[in-house]
Amino acid sequence: MRRLSCLLGLCGVLSVMPAYAAPVPHTVQAVASFTVLADVVAHVGGTHVHVTSLVPPDGDPHEFEPSPDDARQLRQADIVFMSGEGLESWFGRLAHAAGYHGTPVIVSNGISIYTPPGLQQAETDPHVWNSVPNVIIWTNNIRDALIAIDPADADSFRASAAAYVTQLQALDRDIRARIATIPADRRRILTSHDAFGYFGRTYGLTFMAPQGLSTETEASAGDIAALIRQIRQTGVTTYFMENATDPRMVQQVARATGTRPGGELYAEALSPAGGPAPDYITMMRHNTDLMVAAMQGTH
């Protein structure tokens, strides 16, 4: 072998060449702020991305209290995804504690933001994912961010994103068809807090809630009294609790109005894997099924 290599002009080279090793595929370590977003990142990233959600299943992304383990996850992340629009008010504290100086990807960039009418001051609704077309925008933003950090797997990210968008488009059509079966004057829903504004704007429903856009806010006695009057006037018969919020306030309104429970909606957190809403698409179908049954009076 040595004589042959010298004849080829490589004498002395083979002895210093390192043994060949195949490149080890790199899995992108991604952190997402909460479970709904983590699920979408996982669909786009596929096998090339490992995703960790900071807020756990059934967790409230408004009142989340980060732990030292969350700080460690943030320090080790290759890329960080946030929804934005004021949802993750705790992120600045976590970044400071973790010594994180990166720039998170704000996946809601490009979405037409909703501001509920009637508020004393303009307040942006952060719950953008409760409209499926907005999650299509999320998906494209996530795809582009992953391609930027891992261009070698760009084709895979494009294919995964395109396949997921096809599923989302089918979901959107299904929800519109289901809601279309409900007379317009019956499209009213009572929930724990004001998390479904984008769903209402996209699909033509009116949502009422004793609590505002964030579960960190407290509804006043006057707010609750006004809501009770509104429910009595509109004839809403069913109320919904949410998996990640305190049910006591909506139960108080229900007792005063005689409305009956319609089940548990998943507004801003997925269920654990064995629950009724382990991923975004299943969550949206679950919520739509419960709402339609309530509005039809069959629940």
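Residues numbered from 1 in each chain as written. Predicted model: local features only at pLDDT ≥ 70, side-chain atom pairs only at ≥ 80, totals over all residues. Heavy atoms only, no water.

In the nomenclature of an unreviewed UniProt entry, the protein chain is known as Mn2+/Zn2+ ABC transporter substrate-binding periplasmic protein of Komagataeibacter diospyri. Regarding the protein chain, the UniProt comment filed under Sequence similarities (unreviewed entry) reads as follows: "Belongs to the bacterial solute-binding protein 9 family." The UniProt entry for the protein chain carries this comment under Subcellular location (unreviewed entry): "Cell envelope". (UniProt positions renumbered as here; feature names shortened; annotations may be inferred.)

A. Representation of the overall build of the protein chain within the structure. Across its full length, the protein chain holds 10 helices and 8 strands. The 299 residues of the protein chain split such that 48% are buried. Long-range pairs, those at least 24 residues apart, make up 64% of the contacts in the protein chain with a sequence separation of at least 6. When the accessible surface of the protein chain is summed, it comes to about 14300 Å², and 54% of that surface belongs to carbon and sulfur atoms. (Helix = DSSP H or I, 4+ residues; strand = E, 2+ residues; numbered from the N terminus. Buried < 20%, exposed > 50% of the residue type's maximum accessible area, 1.4 Å probe, protein only. Contact = heavy atoms within 4.5 Å. Areas by Shrake-Rupley, 256 points an atom, 1.4 Å probe, with all protein chains shown as cover.)

B. Layout of helix H5 (residues 132-149). Taking 1.5 Å per residue, 18 residues should reach 26 Å; H5 reaches 26 Å between its end C-alpha atoms and fits that length. Of all the residues in H5, the buried ones are Val 132, Asn 134, Val 135, Ile 136, Trp 138, Thr 139, Ile 142, Ala 145, Leu 146 and Ile 147. (Expected span 1.5 Å × (residues − 1).)

C. Inspection of the sheet that holds strand E1 (residues 28-32) at higher detail. With parallel pairing, the 4 strands of this open sheet are ordered in space as E2-E1-E3-E4. Looking at strand neighbours, the two that pair on one side only are strand E2 (49-53) and strand E4 (105-106), the edges of this open sheet. Two strands pair when backbone bridges link them, and E1 and strand E3 (residues 79-82) are joined in this way by 3 bridges, in the parallel orientation. Bridging across to E3, Ala 32 finds its partner in Phe 81. (Pairing = 2+ DSSP bridges.)

D. Inspection of the packing of helix H6 (residues 154-180) against helix H10 (residues 280-296) at higher detail. Across the interface, H6 lies against H10 with an axial gap of 10 Å and an inter-helix angle of 5°. Classified by the angle their axes make, H6 and H10 are roughly parallel. Facing Tyr 164, Gln 167, Leu 168, Leu 171, Asp 174, Ile 175, Arg 178 and Ile 179 of H6, the residues of H10 in contact are Tyr 280, Ile 281, Met 284, Arg 285, Thr 288, Asp 289, Val 292 and Met 295. Of the residues contributing to the contact of H6 with H10, the split by class is 10 nonpolar, 2 polar and 4 charged. (Axes fitted to C-alpha atoms, helices over the stretch in contact; angles between N-to-C directions. Parallel < 35°, antiparallel > 145°, perpendicular 65-115°, else oblique. Nonpolar A, V, L, I, M, F, W, Y, C, P; charged D, E, K, R; others polar.)

E. Summary view of the pairing of E1. Burial of E1 is extensive: 4 of the 5 residues sit out of reach of the surface. Note that the unit made of E1, helix H2 (residues 35-45) and E2 has a crossover that is right-handed. (Right-handed = clockwise from strand over helix to strand, strands pointing away.)

F. Looking closely at the nonpolar core. The biggest cluster of nonpolar side chains holds 77 residues, and the ones touching the most others in it are Phe 81, Trp 129, Trp 138 and Tyr 280. Shared between two domains, this core takes at least three residues from each, and those domains are domain 1 (28-171) and domain 2 (182-296). Every residue in contact with Phe 81, bar those within four places of it in the chain, is listed here: Ala 30, Val 31, Ala 32, Ser 33, Leu 37, Val 41, Val 105, Val 107, Ile 142, Ala 145 and Leu 146. (Core = buried A, V, L, I, M, F, W, Y, C linked by side-chain atoms within 4.5 Å. Domains from an automatic or database assignment.)

G. Geometry of unusual backbone geometry. Unusually for a residue other than glycine, Asp 58 sits at a positive phi of about 65°. When you line up the elements, Asp 58 lands in the loop between E2 and helix H3 (68-76). Residue Asp 58 is classed as partly exposed on the basis of its relative accessible area of 34%. Of note, the phi angle at Glu 85 is positive, near 60°, even though the residue is not glycine. Checked against the element boundaries, Glu 85 lands in the loop between E3 and helix H4 (91-98). Glu 85 gets classed as partly exposed once you look at its relative accessible area, which sits at 29%.

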